[in-house]
Amino acid sequence: MKRNTFYLLAGIIALAEVAIFWLSVEIERPILIQIAFVLGVLLIYGARRMVEDRVEDERTAMITQKAALRTLEVFWVVFFVVSLGSAVAAFSRPLGLRPPPPPDPNTTHTLILRITEPDVLPFDLFGRFAVGQLVLLCLMIFLYVGFRVYYARKYGEWDTDEEQD
Amino acid sequence: MKNRIKVYRAMHDLTQEGLANELGVTRQTILAIEKGKYDPSLDLAFKIARFFGVTIEDIFLYGDTAERK
């Protein structure tokens, strides 16, 4: 497979993933996009192995490893912080670690408020958490690309000499 | 670490691309090694030395050895 064919295939898969995501939201089946995403990634990994003019050696492998390690060093902390914050938000509600506070018998309006707006984890918090996680994943990819460019420059990826055309 | 790959390439009338193909690496890797931006693994260093039919020390000059030569 030619390199351009691979990029074309990756683009088509990305578009298909967007369409399946939309469909998944429409029919309210999260498992659909989850399975489709895993299959899409496997397909891209498989296709990448079939690219003919892709030469990988110890230097390129080292660049990839260093970039991945540096990205992991930053983002395991970020993801841990976000997860800790989310866990605290979840456990500080009813059904979590802390029992619900008893209603104040002196104020009736508080009771009414509690009936109309129950103190449970609102659904949109999950949505915000999911979107926040997606944003973090995008940032992680940007950082990884940045580290790759940095190490590629450091180890002479774009150096030229008199033999270069 | 300094090296004399360029000299040995010239002696064998080889381009960077040619040497890279013989060793199964990219041309950029040969260029990076020649410019001292990348130190090859022991495995690749042995491959380079054996390809030119010399010892590793003939091609790669480490630290004070490089200064003395």
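Scroll up to find the structure this text is about.
So, here's what we can say about the structure. As the structure is a prediction and not an experimental result, all values here were calculated from the model. (Residues numbered from 1 in each chain as written. Chains lettered and ligands numbered in written order. Predicted model: local features only at pLDDT ≥ 70, side-chain atom pairs only at ≥ 80, totals over all residues. Heavy atoms only, no water.)

1. Considerations on the nonpolar core
- Among the nonpolar cores identified, the biggest contains 25 residues, and B:Ile5, B:Leu23, B:Ile33, B:Ile48, B:Ile59 and B:Phe60 are the most heavily contacted of them.
- Residue assignment for this core shows that the elements contributing at least two residues are helix H3 (58-91) and helix H5 (123-154) of chain A together with helix H1 (5-11), helix H2 (16-23), helix H3 (27-34), helix H4 (42-52) and helix H5 (56-59) of chain B.
- Sorting elements by how many residues they give to this core places H4(B) first, with 5 residues.
- If we skip the residues at most four places from it in the chain, B:Phe60 touches B:Met1, B:Lys2, B:Asn3, B:Ile5, B:Ile33, B:Pro40, B:Ala45 and B:Ile48. (Core = buried A, V, L, I, M, F, W, Y, C linked by side-chain atoms within 4.5 Å. Buried < 20%, exposed > 50% of the residue type's maximum accessible area, 1.4 Å probe, protein only. Helix = DSSP H or I, 4+ residues; strand = E, 2+ residues; numbered from the N terminus. Contact = heavy atoms within 4.5 Å.)

2. Here's the deal with a nonpolar patch on the surface
Residue and element names in this part refer to chain A.
- A cluster of nonpolar residues, Trp22, Leu23, Ile27, Ile31, Leu32, Ile35, Val38, Leu39, Leu42 and Tyr45, forms a patch on the protein surface that exposes about 1000 Å² of accessible area.
- Among the elements of the structure, helix H1 (3-26) and helix H2 (30-49) are those that each provide at least two residues to the nonpolar patch.
- For the nonpolar patch, the element with the highest residue contribution is H2, accounting for 7 residues.
- Along the chain, leucine 42 falls in helix H2. (Patch = residues over 30% accessible without salt bridge, like charges linked within 9 Å, V, L, I, M, F, W, Y side chains within 5 Å. Areas by Shrake-Rupley, 256 points an atom, 1.4 Å probe, with all protein chains shown as cover. Salt bridge = Lys/Arg side-chain N within 4 Å of Asp/Glu carboxyl O.)

3. Description of the interface of chain B and chain A
- Tallying the contact residues gives 19 residues for chain B and 17 residues for chain A.
- Approximately 1400 Å² of surface area, both sides summed, lies buried where chain B meets chain A, with 41% of it carried by carbon and sulfur atoms.
- At the surface where chain B touches chain A, the tally comes to 1 salt bridge.
- Note that B:Lys37 and A:Asp159 form a salt bridge whose closest N and O atoms lie 3.0 Å from each other.
- At the boundary of chain B and chain A, one finds 9 residue pairs in polar contact (both at pLDDT 80 or more).
- Of all the elements, H3(B) adds the most residues to the side of chain B that touches chain A, at 5 residues. (Buried area = accessible area lost by both parts, 1.4 Å probe. Polar contact = N/O pair within 3.5 Å; in protein donor to acceptor, adjacent residues only side chain to side chain.)

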